[in-house]
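The lines below spell out each chain.
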Amino acid sequence: MTKAEGISIYRPPDLKDLPGFSVEEVRVAGNRSTCGGVEMALAAVNQIMDIVPQDTDVWTTHNPVNFPPAFEKYGTRLRNAQGDLSQVPDGAVLIVSAHGAPPKIFEEAEQRNILVINTTCSIVNDDQKEVRETAAAGIPSIFLGEEDHPETIGIKGQVPPETIIIFDPSKPIPDMPIPDGTRIFSKTTNDPEQTDERINELLLINPKIDVSKARSCYALRNRFAAGKALIGDVDFWLMVGDKSSHNARGLRSLAETRKIPSALVRGPEDIDWNVFGPEIKIIGASAAASVPDEHTQKTLEAFRQLGVTVVELPKLIPEAYRIFRLPQAQLETLQQRFA
């Protein structure tokens, strides 16, 4: 295995070592890979790592996006505090991940002269603002998101704890009183179908709640729709993504509806080539919204090297390019610090 432009070059096994391998075609969903928020975060990290000297560590609140291979090229220079700011030295450089962070992170960073570069997705920023406004208006909130997810932690930290209830979207809503007008919010990377199920359960408890703010990210909705349209005609479902990514795991679970085998891989190195028996002719593939397309292409290239036809389908749902602006003022401050 060799390296090129930060991404390793993978050589798949020889076909003579895969006697049952009969894959003829890989069909790749057109709506796949990075959304605008992830692209902004990746571009910001690249600029930051170019500006900061090689002998200086850069810290992150969590992985900037949930696909660690995208950052392997930085080695140990990019350090993950995993939400614990006590690990970050005074005066350090800190990247707030695309999932956002609670206000206490920014407050402590300011007190300790930590330079923050905020790469929070603008959709998450909007939800944080709306949660604050909802609490200020005296309206209770429900947030559909896992308690330990960075986005949930960031949302929950915006308001007093008594003003918001957190429900795990993978579990049914418990039977409990919900006041009229309660405003429902949803983690941007939730499985859209799970979100819809939980909303329906909440409406059964009280039809007078406000569900207008509960939404998954546009990219997630499109990737799930494209995956569902593709998966009905394949024998195996291959997802490129990391197990830390909720949307990657959710997209993989589409295979359960068809009762077909599936795999979640970060790249071709993770593929168990022996699972492709004679019964598997057509593979469906997609990539989570946190996966840069060069990593998806690396996985597809392994199949091409085995003589498999790779068909990259057109987008099922047109996606107008959305500009998520870089934190330019913070990047300029960083540039001045290391000038």
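In this numbering scheme, every chain counts its residues from 1 along its sequence in written order. Local features are withheld for residues below a pLDDT of 70 in this predicted model, meaning they are given only at 70 or higher, and side-chain atom pairs are given and counted only at 80 or more; totals for whole chains, interfaces and linings count all residues. Side-chain numbers here rest on the full set of heavy atoms in the structure, without hydrogens or water.

### A word on unusual backbone geometry
Here is the rule: Numbering goes from the N terminus for both helices and strands, where a helix is a DSSP run of H or I of at least four residues and a strand is a run of E of at least two.
Within the chain, S33 stands out as a residue other than glycine whose phi angle is a positive 65°. Residue placement: S33 occurs in the loop between β3 (25–28) and α1 (36–51). The residue Q82 is not glycine, and still its phi comes out positive at about 50°. For Q82, the location among the structural elements is in the loop between β5 (78–80) and β6 (93–96).

### So, the pattern of salt bridges
To keep things clear, this is the line we draw: A side-chain nitrogen of Lys or Arg and a carboxyl oxygen of Asp or Glu constitute a salt bridge if their distance falls within 4 Å. Think of it in three bands: residues with accessible area under 20% of the maximum for their type are buried, residues over 50% are exposed, and the middle band is partly exposed, with areas taken using a 1.4 Å probe on protein chains only.
Counted according to the given criterion, the structure contains 23 salt bridges. Between R215 and E130 there is a salt bridge; the shortest N-O distance is 3.4 Å. In this pair, R215 sits in the loop between α5 (192–205) and α6 (218–231) while E130 sits in helix α3 (residues 122–136), placing the two residues 85 residues apart along the sequence. For E130, a relative accessible area of 17% gives the class buried. A salt bridge links K156 to E147; the shortest N-O distance between them is 3.3 Å. Overall, K156 belongs to the partly exposed group, its relative accessible area being 31%.

### Thoughts on the side chain of S97
The test is simple: Here, residues are in contact when the closest pair of their heavy atoms is within 4.5 Å.
Inspection of the secondary structure puts S97 in the loop between β6 and α2 (103–111). A relative accessible area of 0% places S97 in the buried class. Residues within four places of S97 in sequence aside, it is in contact with T61, H62, N63, P64, T119 and T120.

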